[in-house]
Amino acid sequence: MSGEGGGSRKGEGEGKGVTMRVEVDVPKCVASGQCVMIAPDVFDQNEEDGIVVLLDEQPAPELHADVRESAVVCPAAAIRVVEK
Amino acid sequence: MTETLAETAPEAEGPLPEFPMPRAAGCPFAPPPTARALHTERPVARVRLWDGSAPWLVTRYADQRALLGDPRVSSEATRPGFPHPSAGFRENAGRRRTFITMDDPEHARIRRMVTGPFAIKRIEAMRPGIQKITDGLIDTMLAGPTPVDLVRALALPLPSLVICQLLGVPYEDHDFFQRKSSVLINRHSSAEEVVGANEALTDYLEGLVAGKLAEPADDMLSELAGRVRAGELTRRDAANMGVLLLVAGHETTANMIALGTVALLENPDQLAVLRETEDPKAVARAVEELLRYLTIVHNGRRRVAREDIEIGGETIRAGEGIIVYTGTGNWDAEVFAEPERLDIGRDARRHMAFGFGVHQCLGQPLARMELQVVYGTLYRRIPTLRLATGIDQLPFKDDGLVYGVYELPVTWTS
Ligand code: HEM
Ligand code: SF4
């Protein structure tokens, strides 16, 4: 999980055939809502406690930058992004 | 710059800088010069507190993120070595435990009892109501004489009305709870004053919870009362949480509204851009930038090490206090180019004005939305808004745990 949240600037390899897989670590989530604010097509929140719900495990390339940003700002390091 | 230094007595290199540090005269928005100097010269350094203790001040963004996300770092204010902001806080630490001073897993369990209402969609549903309150307060301002104190007219009433509605606290009592809150968050309040204000607020909230037990409504205190009935919380626990939410819910946002307005009036080119835009995303970006630039919760995130931690070339020993000073982290040129420039067009989303880690602000979706509504409305409705006094005459809250202005006289051309 560490590494994703290092505040490093990613963004290379944008688009062109890169596939992305997103994982969320639900027990870690603190319901900050940051991911939902940044990438509402990929993340949502549970009705009763605001905990993260993953809507799209393999988001389309045009969403990749927002998903990466969500992983960086997630205060609880609950979002993991794997790109191939 | 390694272990040997950390192990020597704190005083070995001469007197330590005192914390909190004064801001430079004429620079009300910039972090204190001493903190900025430490940030470049010694990003993990000991400082001296009011009680003579010498915790570590952490000033660099990357180190701050690492520590606030590290489970070896504790928020428990009852642990020895915890760097209390004042005698009042130290005195209160044992009496009043809420999830803000707990560690996981206890923190997570209790925080989750109150996260639901702050989910993005539920907060978004409140936007029309918040817009209406804002418009009403501005109507009243425009109908009355000038100059007006913007703190009394808009900055304080708006978030107070909203948090009252959300919690189910009668707004008629605002004089009482606003007065007690300001004692609670002033560094110079004595221990007796802090304990007294806290007791008064907790008794008041406990009375309200008792009322909701008898007669539940559709609000957060009724939800907490439900947990009391289910045996998950005591009535006092529920009241303590109510105090935390009520105080955190109005003081912070109020200061962002007022201080943000001062910052914009001092940067007329930025204000003009904000006033002209029709794009809600541009307003949202401006809110993030103002949060970064002002970092109003300016007394540092207070923590204590549970274990030895290596950071920034130093070793923080188990039991030593840590102050994560996000004011300089949010002005770290490694992360935010030209940090001293207020640039409402920049992407400032990585700021730590709401903290970082598991304690990151619970109310951030609400705070953001209130600020988006106010910043998106006030300057459009009153385009000639200006200070009715010199900026150097404004009473800045240097003694507060939350930065801002006590009063903000403004005027406009009708
Ligand atoms: C602009 C406005 C606000 C700012 C700048 C702000 C800032 C912060 C910061 C820096 C923390 C982290 C504390 C720590 O790490 O020790 C925090 C926590 C918290 N805030 Fe806010 N806040 C704001 C508005 C609100 C609002 C509107 C509410 C609620 C109704 C709220 C409720 C809380 C609570 C309950 C916590 C404790 C969270 C926890 O410990 O898990 N805040 N806030
Ligand atoms: S950003 Fe992280 S903590 Fe916040 S809601 Fe999303 S997953 Fe949860």
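My aim in this report is to walk through the structure given alongside it, one point at a time.

Calculation rules
- Residues numbered from 1 in each chain as written.
- Chains lettered and ligands numbered in written order.
- Predicted model: local features only at pLDDT ≥ 70, side-chain atom pairs only at ≥ 80, totals over all residues.
- Heavy atoms only, no water.
- Near = heavy atom within 4 Å.
- Polar contact = N/O pair within 3.5 Å; in protein donor to acceptor, adjacent residues only side chain to side chain.
- Helix = DSSP H or I, 4+ residues; strand = E, 2+ residues; numbered from the N terminus.
- Nonpolar A, V, L, I, M, F, W, Y, C, P; charged D, E, K, R; others polar.
- Donors = N, O, S within 2.8 Å, 3.2 Å for Na, K, Ca; no water.
- Core = buried A, V, L, I, M, F, W, Y, C linked by side-chain atoms within 4.5 Å.
- Buried < 20%, exposed > 50% of the residue type's maximum accessible area, 1.4 Å probe, protein only.
- Contact = heavy atoms within 4.5 Å.
- Arc of directions from axis to C-beta.

Further remarks concern the site of ligand 1. All names here are of chain B. Residues in close proximity to ligand 1 total 27 residues, the closest being His107, Arg111, Arg303, His359 and Cys361. Interatomic distance of 2.8 Å between a side-chain N/O atom of Arg111 and an oxygen atom of ligand 1. One of the side-chain nitrogen or oxygen atoms of Arg301 is found 3.1 Å away from an oxygen atom of ligand 1. Of all the secondary structure elements, the ones that give two or more residues to the shell around ligand 1 are helix H5 (106–111), helix H13 (235–266) and strand E5 (301–305). At seven residues, H13 tops the list of elements feeding residues into the shell around ligand 1.

What follows concerns the site of ligand 2. Looking at ligand 2, the residues that line it are A:Cys29, A:Val30, A:Ala31, A:Ser32, A:Gly33, A:Gln34, A:Cys35, A:Val52, A:Cys74, A:Pro75, A:Ala78 and A:Ile79. A breakdown of the residues in the shell around ligand 2 according to their chemical character gives nine nonpolar, three polar and no charged.

So, about the environment of B:Glu320. Residues and elements named next belong to chain B. If you trace the backbone, Glu320 turns up in the loop between strand E7 (314–316) and strand E8 (321–324). Taking the C-alpha atoms as reference points, Glu320 and Arg97, 223 residues apart in sequence, are found 21 Å from one another. Separated by 2.9 Å, the side chain of Glu320 and the backbone nitrogen of Arg317 make a polar contact.

Quick look at the coordination of the iron atom of ligand 1 now. Protein coordination of the iron atom of ligand 1 is limited to a single donor, B:Cys361 (SG), positioned at 2.3 Å. Relative to the helices and strands, B:Cys361 is located in the loop between helix H16 (326–329) and helix H17 (364–381).

Grouped together as the largest cluster of nonpolar side chains are 98 residues, with contacts concentrated most on B:Val169, B:Leu205, B:Leu294, B:Leu378 and B:Leu408. Among the elements that make up this core, the one with the highest residue count is H13(B) (17 residues). What B:Leu378 contacts, discounting residues up to four positions off in sequence, is B:Ile138, B:Leu150, B:Leu154, B:Thr261 and B:Leu385. Ranked by size, the runner-up nonpolar core spans 21 residues in total, among them A:Cys29, A:Val36, A:Ile51 and A:Cys74.

Residues and elements named next belong to chain B. Within the sequence span of helix H2 (residues 33–41), burial applies to Ala35, Leu38 and His39. Looking down the long axis of H2, one finds its buried residues gathered within 105° of arc, a one-sided arrangement. In H2, those exposed residues whose orientation departs by more than 90 degrees from the buried face are Thr40 and Glu41. Along its buried surface, H2 packs onto strand E1 (44–46), strand E2 (56–58) and H16.

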